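Coordinate inspection notes
Residue-level listing of the chains:
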Amino acid sequence: MELDKLIRDVPDFPKKGIIFKDITTLLQDGDAFRQAMNQIMKKYLETDAKIDKVVGIEARGFILGGVLAYKLGCGFVPARKPGKLPAQTIREEYTLEYGSNALEIHQDSINKGERVLVVDDLLATGGTALASARLVEKMGGEVVAIQFLIELGFLHGREKLLKYPLHSLIVY
Ligand code: AMP
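First, a word on scope: everything that follows refers to the structure included in this document. (Residues numbered from 1 in each chain as written. Predicted model: local features only at pLDDT ≥ 70, side-chain atom pairs only at ≥ 80, totals over all residues. Heavy atoms only, no water.)

Considerations on the sheet that holds strand 7 (residues 115-123)
Pairing in this open sheet of five strands is parallel, and the strands run 4-3-7-8-9 from one edge to the other. Every interior strand has two partners, whereas the edge strands, strand 4 (75-79) and strand 9 (166-171), have only one. Taken over all neighbouring pairs, the strand axes of this sheet differ in orientation by 20 degrees on average, direction set aside. Pairing analysis gives four bridges linking strand 3 (residues 53-57) to strand 7, with the strands arranged parallel. When the sheet's bridge partners are listed, Gly 56 is paired in strand 7 with Val 119. In the packing of helix 3 (residues 60-72) onto the sheet, the strands contacted are strand 3, strand 4, strand 7 and strand 8 (142-151), and the crossing angle to strand 7 comes to about 145 degrees. Strands strand 3, strand 7 and strand 8 of the sheet are contacted by helix 4 (residues 127-138), whose axis makes an angle of about 160 degrees with strand 8. (Pairing = 2+ DSSP bridges. Helix = DSSP H or I, 4+ residues; strand = E, 2+ residues; numbered from the N terminus. Axes fitted to C-alpha atoms, helices over the stretch in contact; angles between N-to-C directions. Contact = heavy atoms within 4.5 Å.)

In structure tokens:
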């Protein structure tokens, strides 16, 4: 199955000039969703990755991260937009392909020395993933890998994340 064909390009969303990669068209296809998750999962199941926690980035990272955490039998930790998490948080600012924002994570969600897999749907400029990795490290966690469904290679976000093993299922 050609998974890349199931991702819908939406021009000028959320701003003029951005081609939004809409993954809902892949997610709504049960076989494709399962195949994508199985392909991603394979390398973490086959290698002795020993992941303690999956950090999923709001919001589409929750969908992929939840499946991964369940399959790997480890904990799931949400990295959320400001003001969404109810308890004490730590925060990291970042810039986005279209704007800037911050991410927060519960300050008791990752223990010192825990091995963490960071997950999001798409790598653009890399700011979001870098902020998430920094949050993990602030808590003493080790970022074992960063996993994306899609990488926009022409934006070179990977260069911001050179210190981490980085994997993408589909590269444009
Ligand atoms: P960045 O920090 O620039 O790597 O942006 C990545 C984050 O923004 C991810 O959470 C993506 O879901 C979202 N994002 C950025 N650009 C796009 C795009 N062209 N299509 C879909 N999502 C995007």
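Here we look at the side chain of Ser 168
With respect to the element layout, Ser 168 can be found in strand 9. At 2.6 Å, the side chain of Ser 168 and the side chain of Glu 151 are in polar contact. In this structure, Ser 168 is in contact with Gln 147, Phe 148, Leu 149, Ile 150, Glu 151 and Arg 158, ignoring residues within four places of it in sequence. (Polar contact = N/O pair within 3.5 Å; in protein donor to acceptor, adjacent residues only side chain to side chain.)

So, the environment of Ala 59
For Ala 59, the location among the structural elements is in the loop between strand 3 and helix 3. Sequence separation between Ala 59 and Gly 17 is 42 residues, and the spatial gap between their C-alpha atoms is 22 Å.

Notes on the pattern of salt bridges
Two side chains that carry opposite charge are able to pair once their charged atoms sit near each other. For the structure shown, the criterion picks out 15 salt bridges. In this structure, Lys 21 and Asp 9 form a salt bridge, with 2.6 Å as the shortest nitrogen-oxygen distance. Of this pair, Lys 21 sits in strand 2 (residues 19-22) while Asp 9 sits in strand 1 (residues 8-11), and the two are 12 residues apart along the sequence. Put simply, Arg 91, Glu 93 and Glu 104 are held in one network by salt bridges that share partners. (Salt bridge = Lys/Arg side-chain N within 4 Å of Asp/Glu carboxyl O.)

As for the packing of aromatic side chains
According to the stated counting rule, one finds two aromatic pairs in the structure shown. Pairing Phe 13 with Phe 20 gives two aromatic rings, centres 5.2 Å apart and planes at 85 degrees, and the pair type is edge-to-face. Using a relative accessible area of 44% as the deciding quantity, one classes Phe 13 as partly exposed. Classification of Phe 20 by relative accessible area gives buried; the value is 13%. With centroids separated by 6.0 Å and ring planes inclined at 90 degrees, the aromatic side chains of Phe 62 and Phe 76 adopt a geometry described as edge-to-face. Linking Phe 62 in helix 3 with Phe 76 in strand 4, this pair joins segments that are 14 residues apart in sequence. When its relative accessible area of 33% is taken as the criterion, Phe 76 is described as partly exposed. The ring of Tyr 172 has Lys 21 lying over it, and the distance from NZ or CZ to the ring centre is 3.8 Å. (Phe/Tyr/Trp six-rings, centres within 6.5 Å; stacked < 30°, edge-to-face > 60°. Buried < 20%, exposed > 50% of the residue type's maximum accessible area, 1.4 Å probe, protein only. Lys NZ or Arg CZ within 6 Å of the ring centre and 35° of its normal.)

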